[in-house]
Amino acid sequence: MSVLLHVAASTRRDSHSRELGDAFADAWRAAHPDGTYVLRDLRTDPVPQIDEAWTELCDHVLRHGITDIDRYEEAVRTPARARAWEVLRPLLAELVAADVVLISTPMYNFSVPASLKAWIDQVTFPRMSLAGRRFVIASARGGAYGPGTPREPYDHQERYLRDFLSGHFAIDDPVFLATELVNSRIDPALAARRAQHDESRATALAAARELGGAPR
């Protein structure tokens, strides 16, 4: 049975990244009627920052050369570590159980929201591999950051996530979908680019529905 984990990071209830992520998720659920859909909404259920006890868990895993995720619990040796483990255990279990991981996230200040970074920090351990899973990133940005645009060098959202997924999870083929120029809807300085935003949104939504419904 297929499992889709949807990590939604926007602080807005109605956001373009959520719209794009929901389009993928709805198509996936229609194509996988027997599948399991798990929503981890970081707006309503934020993940705490890692603490010192979490670093002790991480150090233990690294010091003892543990690469089997099922063995991470061996690092729980103190009450403080046990409390840290109770926070991260369900997050890690959701991630490991998923065949498809969908991350819907806005760009905040050229990068990812702190809520998403907190989730990433909680579930990431040294030499950890999630190879074989499918990762889809549904993003929204206020401006235009695509290849060849003046703002491309400022895109630390997609670049960071690509580097993170490859370097930590051994995922070298994530798929990125983006709705751009969202601020053209409210910023007079970008109003002339509203048609570009509308086109970007329509293209991204169509791609999300097609990708979500595609078998794999």
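Residues numbered from 1 in each chain as written. Predicted model: local features only at pLDDT ≥ 70, side-chain atom pairs only at ≥ 80, totals over all residues. Heavy atoms only, no water.

Where a protein is soluble and globular, its nonpolar side chains tend to be buried together. Among the nonpolar cores identified, the biggest contains 40 residues, and Tyr72, Leu95, Leu116, Trp119, Phe125, Met128 and Phe169 are the most heavily contacted of them. In terms of residue count, the dominant contributor to this core is helix H3 (residues 79–97) (six residues). If we ignore the near neighbours within four places in the chain, the residues touching Phe169 are Leu95, Val123, Thr124, Met128, Ser129, Leu130, Ala131, Phe135 and Phe164. Counting residues in each nonpolar core, the second largest holds 15 residues, with Phe24, Leu102, Val136 and Ala208 among its members. (Core = buried A, V, L, I, M, F, W, Y, C linked by side-chain atoms within 4.5 Å. Buried < 20%, exposed > 50% of the residue type's maximum accessible area, 1.4 Å probe, protein only. Helix = DSSP H or I, 4+ residues; strand = E, 2+ residues; numbered from the N terminus. Contact = heavy atoms within 4.5 Å.)

Our focus in this paragraph is helix H6 (residues 194–213). Spanning 20 residues, H6 covers 29 Å between terminal C-alpha atoms, matching the ideal 28 Å at 1.5 Å per step. Along H6, the residues that are buried comprise His197, Ser200, Ala204, Leu205, Ala208, Leu211 and Gly212. End-on, the buried residues of H6 take up no more than an arc of 135 degrees, which puts them together on one face. Exposed and facing more than 90 degrees away from the buried side of H6 are Ala195, Glu199 and Glu210. Summarising the contacts, the buried residues of H6 are in contact with helix H1 (16–31), strand S4 (134–140) and strand S5 (175–179). (Expected span 1.5 Å × (residues − 1). Arc of directions from axis to C-beta.)

Its 19 residues place the ends of H3 27 Å apart at the C-alpha level, agreeing with the 27 Å of an ideal helix rising 1.5 Å per residue. At Leu88, H3 shows its largest kink, close to 35 degrees, and the proline Pro90 lies no more than four residues downstream. When we look at burial in H3, the residues that qualify are Arg81, Ala84, Trp85, Leu88, Leu91, Leu92 and Leu95. (Bend = angle between axes of the 7 residues up to and from the residue.)

The sheet contact formed by S4 and S5 spans five bridges and is parallel. Bridging from a neighbouring strand, Ser139 pairs with Ala178 of S5. This β-α-β element, S4 to helix H5 (residues 158–169) to S5, shows right-handed connectivity. (Pairing = 2+ DSSP bridges. Right-handed = clockwise from strand over helix to strand, strands pointing away.)

Here we take up the sheet that holds S4. In space, the five strands of this open sheet follow the order S2-S1-S3-S4-S5, with parallel pairing throughout. Either end of the sheet is taken by a strand with one partner, and the two such strands are strand S2 (36–41) and S5. Recorded for the sheet is a direction-independent mean angle of 15 degrees between the axes of neighbouring strands. Examined bridge by bridge, strand S1 (residues 3–8) and S2 share six bridges and lie parallel to one another. (Axes fitted to C-alpha atoms, helices over the stretch in contact; angles between N-to-C directions.)

Throughout the structure, instances matching the rule amount to seven aromatic pairs. Look at Trp54 and Phe125: their rings are 5.3 Å apart centre to centre, the planes differ by 45 degrees, and that puts the pair in the tilted class. Of the two residues, Trp54 is situated in helix H2 (residues 52–63) and Phe125 in the loop between helix H4 (114–123) and S4; the sequence distance between them amounts to 71 residues. The burial state of Trp54 is the same as that of Phe125; both residues are buried. Taking NZ or CZ as reference, Arg29 lies 4.1 Å from the ring centre of Tyr37, over its face. It is Arg151 that lies over the ring of Tyr154; its NZ or CZ is 5.5 Å from the centre. (Phe/Tyr/Trp six-rings, centres within 6.5 Å; stacked < 30°, edge-to-face > 60°. Lys NZ or Arg CZ within 6 Å of the ring centre and 35° of its normal.)

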